[in-house]
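Structure assessment
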2 protein chains.
Amino acid sequence: MKSATIRDVARAANVSVATVSRALNRGETVSMPTRVRVLDAAGALDYVPHSGARSLSTSRTDTIGVLLPDLHGEFFSELIRGIDQATRAHKLHLLLSHSHGDPQEAMAVLKAMRSRVDAMLVMSPYADGALLSGALNGAVPLVLMGGGGDAGAHPSFAIDNRAGAVAITSHLLDAGYRRIGFIAGPADNIEAGQRLSGYRAALAARSIAFEQIVQGDFGERSGFAGAGLLLAAGPPDAIFAANDMMAIGALEALRGAGLNVPGDVALAGFDDIPVARFLDPPLTTAGVPIAEIGRRAVECCIAMVADATGGPGHIFTPELVVRASSGPGKQDRPNGRLIREEV
Amino acid sequence: MKSATIRDVARAANVSVATVSRALNRGETVSMPTRVRVLDAAGALDYVPHSGARSLSTSRTDTIGVLLPDLHGEFFSELIRGIDQATRAHKLHLLLSHSHGDPQEAMAVLKAMRSRVDAMLVMSPYADGALLSGALNGAVPLVLMGGGGDAGAHPSFAIDNRAGAVAITSHLLDAGYRRIGFIAGPADNIEAGQRLSGYRAALAARSIAFEQIVQGDFGERSGFAGAGLLLAAGPPDAIFAANDMMAIGALEALRGAGLNVPGDVALAGFDDIPVARFLDPPLTTAGVPIAEIGRRAVECCIAMVADATGGPGHIFTPELVVRASSGPGKQDRPNGRLIREEV
DNA sequence: TTGTAAGCGTTATCAG
DNA sequence: CTGATAACGCTTACAA
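Residue positions within a chain follow its written sequence, with the count starting from 1. Numbering of ligands from 1 and lettering of chains from A proceed in the order in which they are written. Residues qualify for local features only when their pLDDT is at least 70, as the model is predicted, and side-chain atom pairs are given and counted only at 80 or more; totals for whole chains, interfaces and linings, by contrast, use all residues. Side-chain descriptors were evaluated using all non-hydrogen atoms of the structure, hydrogens and water having been removed beforehand.

1. A word on the state of the cysteines
- We call a pair of cysteine sulfur atoms a disulfide whenever their separation is within 2.5 Å. Tallied over the full model, the rule gives 0 disulfides over all chains.
- Summary of cysteine pairing: A:C300 is not part of a disulfide, and the nearest cysteine sulfur, belonging to A:C301, is at 6.3 Å.

Put into structure tokens, the structure is as follows:
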């Protein structure tokens, strides 16, 4: 069925298209009777304005574009949920895309989205802020999420990864663990770098010499492999994975090696994705208000569309979430037996 | 920076706008030199076509609209990933929204999206197919995912929930469990209903009288509560949750009650979300090719845009995925001791 | 309060 | 091979 246009409605209601437009939008000056006629006609014809035509005329799209580095896993699921909440609350549409971390692809996507959105919300964990700005070229406001981009030029909603990693590492030290291995995130990922730096800083602050770092990529699989490497190198008594997904993989590896968590090796992650509390044992992690970051960033987008400044963004400080995976270590156990031996 | 238009490019390249358009699109008939001039000018001006204007002219948006009942959890994360893969492969955009299962809201969203997309991909687990078709009113092709909608009128990509539930239940029976409790999904959810029906059918087929059903809503929390109810009613020796999220909640409840899985109570879910294999114990479940459903559905959308029919859709048969959570039950254990007593 | 008409940026038709 | 020009559907001065 061919869609009705504003002309059809005008004809049906016996008014001009201008009157229809006025009656349907901010009907400043339309008499009650005509307004009713128009609304009835529009309803009867099942009229829906052509958004392209409208955006051509108003140069607004009522759409926020979102570019994420990935869509995999609960972290992004949460983030999208927060973003969706906010866009929906403001009756905006959500155009979603991702770039497997490839800057070239990210630029291409940004250009492709540019004419379809009022603002862009980008999570780019790489040092490509200039590229992104270039692709957008000031055509639409840009709001950043995560540590990447050049936060000076654009509002940025990020987390204090370093502080979070310091908190986790210090917590493990406080709990008595001394040999703490670290499964790092992707090498060129800014947030991953900050977490690594926090791990190191916390060790240095206590003059702990033991430091063991393996490379991961934020995926479960790499957590599994990373834990394997750490174990092979002489088991640490705790493993700190730079995100929860890798911690899940590490947990699997520890289990596979017949090691008890936290009895033999304690474990901690980062992000506090929803499933973290349902692991066995529940995972100690750095809690990040994932959905809220999305919400706030969208609201900043909206503000920028309105007044072009939109405010400064915000850095969220992760909250230390202690669960059983970093419970009492070996040295605290009664009579020193390994828990797994008791099974 | 004000965006350049096709006229700016035309001026810069010393040609007409028609030539620019031809050179940039399927440039059937543009001489090499002019084409180069146009491309250069477009590049220099950082020209990006105004998608609204284009869609006004071509009556295509190069966008697929996606409406999901929810965005929460790994199931939808996976689904979106599959959808995104396909849209990206075809250089289409992805307009995402959701409707907390509220049919009225779903209709409103559909109407709002209608003029912005070439096709709609809807997962509606409720019996509101007619409403959806009504909201769209034939303006754009509609492809369904999941059991809802009226699959007769539109291509539908769904899973055989009943067969999956029969497979899980039969597997539990084969493993020696006789008192199998069921945590159901939302009452009005069609897929949930099919799973319930499969559970019952499998019990009936073996003439098992024991049947215990509690109401859930597909969320972790309801799985936790549901398991609590089942335990209070006299512990079953196995629990089958209608999806993995509820199984995760149930696992938590069992753990909290000091029960061993599968030693005291076996557990099974449905969907095989990625995290299922990382639970402890890994979860027995009905494997559904979540991402593939998304991909295939998008491809069907594309086909429908092209030739208006797009083919019949597809019913996927879930695969029984047996993991440790439904391992040997009590009766198979050496000397009949509860495993948890050994701990 | 209502109507007329000028854009908005593209594509496509039709001449040249 | 290229250039005018008419849509496409809507909003918004400007007139009436």
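2. Quick word on the domain arrangement of chain A
- Taken domain by domain, chain A consists of domain 1 (6-58), domain 2 (63-160 + 290-318) and domain 3 (162-288 + 320-341).
- Boundary definitions for the domains trace back to an automatic or database domain assignment. For domain 1 of chain A versus domain 3 of chain A, the separation of C-alpha centres amounts to 61 Å.

3. Overview of the protein's contact with DNA strand D
- It suffices for a single heavy atom of a residue to lie within 4 Å of a molecule or strand for the residue to be listed as near it. Surveying the vicinity of DNA strand D reveals 27 residues, the closest of which are A:I6, A:Y47, A:R54, A:S57 and B:T19.
- Sugar and phosphate atoms constitute 66% of the interface atoms of DNA strand D, taking the interface as everything within 4 Å of the protein.
- Counted as a polar contact is a pair of N or O atoms within 3.5 Å, where, for protein atoms, one must be capable of donating a hydrogen and the other of accepting one, and residues adjacent in sequence contribute only when both atoms are in side chains. Contacts to DNA strand D include A:Y47, whose side-chain N or O atom sits 2.5 Å from a phosphate oxygen.
- A distance of 3.3 Å is found between a base nitrogen of DNA strand D and a backbone nitrogen or oxygen belonging to A:A53.
- For the surface near DNA strand D, the secondary structure elements donating two or more residues are α2 (17-24) and α4 (51-58) of chain A together with α2 (17-24) and α4 (51-58) of chain B.
- A helix here means a DSSP run of H or I that spans at least four residues, while a strand means a run of E at least two residues long, and both kinds are numbered starting from the N terminus. The leading source of residues in the surface near DNA strand D is α4(A), at 5 residues.

4. Re the packing of aromatic side chains
Residue and element names in this part refer to chain A.
- Stacked, edge-to-face and tilted are the three classes for Phe, Tyr and Trp ring pairs, Trp counted by its six-membered ring, which pair at centre distances within 6.5 Å; planes under 30 degrees apart are stacked, over 60 edge-to-face, the rest tilted. On inspection of all chains with the given rule, the structure shows 6 aromatic pairs over all chains.
- Here F75 and F76 contribute two aromatic rings whose centre-to-centre distance is 5.2 Å and whose plane-to-plane angle is 80°, an arrangement assigned as edge-to-face.
- The class for F75 is buried, based on a relative accessible area of 16%.
- Of the residues examined, F76 reaches a relative accessible area of 11% and is grouped as buried. The cut-offs for exposure are 20% and 50% of the maximum accessible area for each residue type, with area from a 1.4 Å probe on protein chains only; residues under the lower value are buried, those over the upper are exposed, and the others partly exposed.

5. Concerning the nonpolar core
- Counting residues in hydrophobic clusters, the biggest one holds 147 residues, and the most contacted among them are A:L79, A:L121, A:F240, B:L79, B:L121 and B:F240.
- What B:F240 contacts, discounting residues up to four positions off in sequence, is B:A165, B:I168, B:T169, B:L172, B:I180, B:G181, B:F182, B:I183, B:Y199, B:A268, B:G269 and B:F270.
- In terms of nonpolar packing, the next biggest core, distinct from the first, is built from 31 residues, A:L67, A:V109, A:M120 and B:M120 among them. We call a set of buried residues a nonpolar core when its members are Ala, Val, Leu, Ile, Met, Phe, Trp, Tyr or Cys and they connect through side-chain atoms within 4.5 Å of each other. Residue contacts are defined here by distance: any two heavy atoms, one from each residue, within 4.5 Å place the two residues in contact.

6. Description of the protein's contact with DNA strand C
- The environment of DNA strand C is formed by 27 residues, the closest being A:T34, B:I6, B:S21, B:Y47 and B:S57.
- Taken together, the sugar and phosphate atoms account for 62% of what DNA strand C places within 4 Å of the protein.
- B:N25 places a polar side-chain atom, nitrogen or oxygen, 3.0 Å from a phosphate oxygen of DNA strand C.
- Separating a sugar or linking oxygen of DNA strand C from a side-chain N or O atom of B:S57 is a distance of 2.6 Å.
- At the level of elements, α2 and α4 of chain A together with α2 and α4 of chain B are the ones that each hand at least two residues to the surface near DNA strand C.
- Top element by residues in the surface near DNA strand C is α4(B). It accounts for 5 residues.
- Three classes are used, and their members are as follows: Ala, Val, Leu, Ile, Met, Phe, Trp, Tyr, Cys and Pro are nonpolar, Asp, Glu, Lys and Arg are charged, and the others, Gly among them, are polar. Among the residues making up the surface near DNA strand C, the classes are represented as 11 nonpolar, 12 polar and 4 charged.

7. Regarding the packing of helix α6 (residues 103-114) of chain B against helix α7 (residues 129-136) of chain B
Residue and element names in this part refer to chain B.
- Comment: axis = line fitted to C-alpha atoms, over the contacting stretch for helices; angle = value between 0 and 180 degrees taken between N-to-C directions. Where α6 contacts α7, the axes come no closer than 8 Å and their chain directions differ by 25°. As judged from the angle between their axes, α6 and α7 are roughly parallel. Crossing handedness for the pair α6 and α7: right-handed. The residues of α7 that touch α6, namely those facing P103, A106, M107, L110, K111 and R114, are L131, L132, A135 and L136.
- Residues of the contact of α6 with α7, tallied by class, amount to 8 nonpolar, no polar and 2 charged. An angle below 35 degrees is read as roughly parallel, one above 145 as roughly antiparallel, one from 65 to 115 as roughly perpendicular, and any other as oblique. Note: crossing handedness is left-handed where the near helix turns anticlockwise from the far helix by less than a right angle, and right-handed where it turns clockwise.

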